[in-house]
Amino acid sequence: MDDVAHIRSALRAAARSAWTALRAERPSETFYYFGLWTTPLAHRPAPSACSLEGLERAVERCRAEGVEVNADELRWAVNDSPYDLFGDRLFAEVEPLFDALGGPYERSSELNADLLDAMVGALADLDAEGFFGVGASRDAVVLNVTTPGHDTEAELLASARRINPPGALVRYEADLAAPGGAEG
């Protein structure tokens, strides 16, 4: 198994563990997003997730800090979710695999692209086995790999379309098309 394939396998295991732990800890919450975020140079990714209940808490937290927002403004701002970095310790175990390929600034752009593809592939592998559900339960969750602060709306959609069935993207696509779009 080559290095990138090994990383994809390790990311798949870490994502499986993180999502399983989150669902076990918060079984009554309605999750609508799970993803990995990284940098354009493909640093080791971090997990993030969003639930309707977590979104309410994020809005309340902002308002308590004097920032007037509504849920639509924060729905896809995954780094504002209370579940951003949930299970990150599981991904820390993948870091030595990334480090073995050299620092992000030292790697070729092709290798960094391959690592980003491995992140998308890891989530796609889990989805293909039905890990995130089937039918309506699957359509209720958007999966994605993002580079917050760097993604364009087109890039967010392209990545999401590689992983998700069309039914899962109805709200995501509509929100991205709306004035102001969505944050990744």
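Anyway, here's the lowdown on the structure attached to this text. Numbering of residues starts from 1 in each chain and follows the order in which that chain's sequence is written. Given that the model is predicted, a residue must reach a pLDDT of at least 70 before its local features are reported, and side-chain atom pairs must reach 80 or more before they are shown or counted; all residues, however, enter totals for whole chains, interfaces and linings. Hydrogen atoms and water are omitted, and side-chain values are computed over all heavy atoms in the structure.

### Thoughts on the sheet that holds strand S2 (residues 46-51)
Logical step 1: A pair of strands is labelled paired if DSSP reports no fewer than 2 bridges between them. To qualify as a helix, a DSSP run of H or I must reach at least 4 residues; to qualify as a strand, a run of E must reach at least 2; elements of each kind are numbered from the N terminus. One open sheet accounts for three strands, arranged S2-S1-S3; its pairing is mixed. A strand with exactly one partner marks an edge of an open sheet, and here the two such strands are S2 and strand S3 (142-146). Each strand axis lies, on average, 20 degrees off the axis of its neighbour in the sheet, ignoring direction.
Logical step 2: Judged from the five bridges that link them, strand S1 (residues 31-37) and S3 form a sheet pairing that is parallel. Opposite Trp-37, over in S3, you have Thr-146 as the bridge partner.
Logical step 3: Working rule for contacts: check all heavy atoms of both residues, and any pair within 4.5 Å makes them a contact. Axes here mean lines fitted to C-alpha atoms, for a helix over just the part in contact, with angles spanning 0 to 180 degrees between N-to-C directions. The strands touched by helix H1 (residues 3-25) within the sheet are S1 and S2, with S1 carrying the most contacts at an inclination of about 145 degrees.
Logical step 4: Across the face of the sheet, helix H6 (residues 109-128) comes into contact with S1 and S3 while running at roughly 165 degrees to S3.

### With respect to the nonpolar core
Note that soluble globular proteins tend to have their nonpolar side chains buried in a common cluster.
Logical step 1: Counting residues in hydrophobic clusters, the biggest one holds 33 residues, and the most contacted among them are Leu-11, Trp-19, Phe-34, Phe-91, Leu-115 and Leu-123.
Logical step 2: For this core, the secondary-structure elements that each account for two or more residues are H1, S1, helix H4 (88-92), H6 and S3.
Logical step 3: For this core, the element with the highest residue contribution is H1, accounting for nine residues.
Logical step 4: Once you skip the residues sitting within four places of it in the chain, Leu-11 turns out to touch Pro-45, Phe-91, Val-94, Phe-98, Ala-118, Met-119 and Ala-122.
Logical step 5: For this analysis, a nonpolar core means a set of buried residues of the types Ala, Val, Leu, Ile, Met, Phe, Trp, Tyr and Cys, connected via side-chain atoms within 4.5 Å. Note on exposure labels: buried denotes an accessible area under 20% of the residue type's maximum, exposed denotes more than 50%, and partly exposed covers the range between, all computed with a 1.4 Å probe on protein chains only. With 19 residues, the next largest nonpolar core counts Tyr-32, Cys-50, Trp-76 and Ala-77 among its residues.

### Section: the packing of helix H8 (residues 153-163) against helix H9 (residues 170-177)
Logical step 1: The N-to-C vectors of H8 and H9 enclose an angle of 170 degrees; their axes lie 10 Å apart at closest approach. In terms of orientation, H8 lies roughly antiparallel with respect to H9. In this structure, H8 uses Glu-153, Leu-156, Leu-157, Ala-160 and Arg-161 to contact H9, whose residues at the interface are Tyr-172, Glu-173 and Leu-176. Geometric relationships in this document are graded by angle, where less than 35 degrees denotes roughly parallel, more than 145 denotes roughly antiparallel, 65 to 115 denotes roughly perpendicular, and other angles denote oblique.

### Section: H9
Logical step 1: Taken residue by residue, H9 has Tyr-172, Asp-175 and Leu-176 as its buried positions. Along the axis of H9, the buried residues cluster in a sector spanning 100 degrees; they form a single face. Facing away from the buried side of H9 by more than 90 degrees, the exposed set consists of Val-170 and Ala-177.
Logical step 2: The inward-facing, buried residues of H9 abut S3 and H8. Along the arc lie the directions from the helix axis toward the C-beta atoms.

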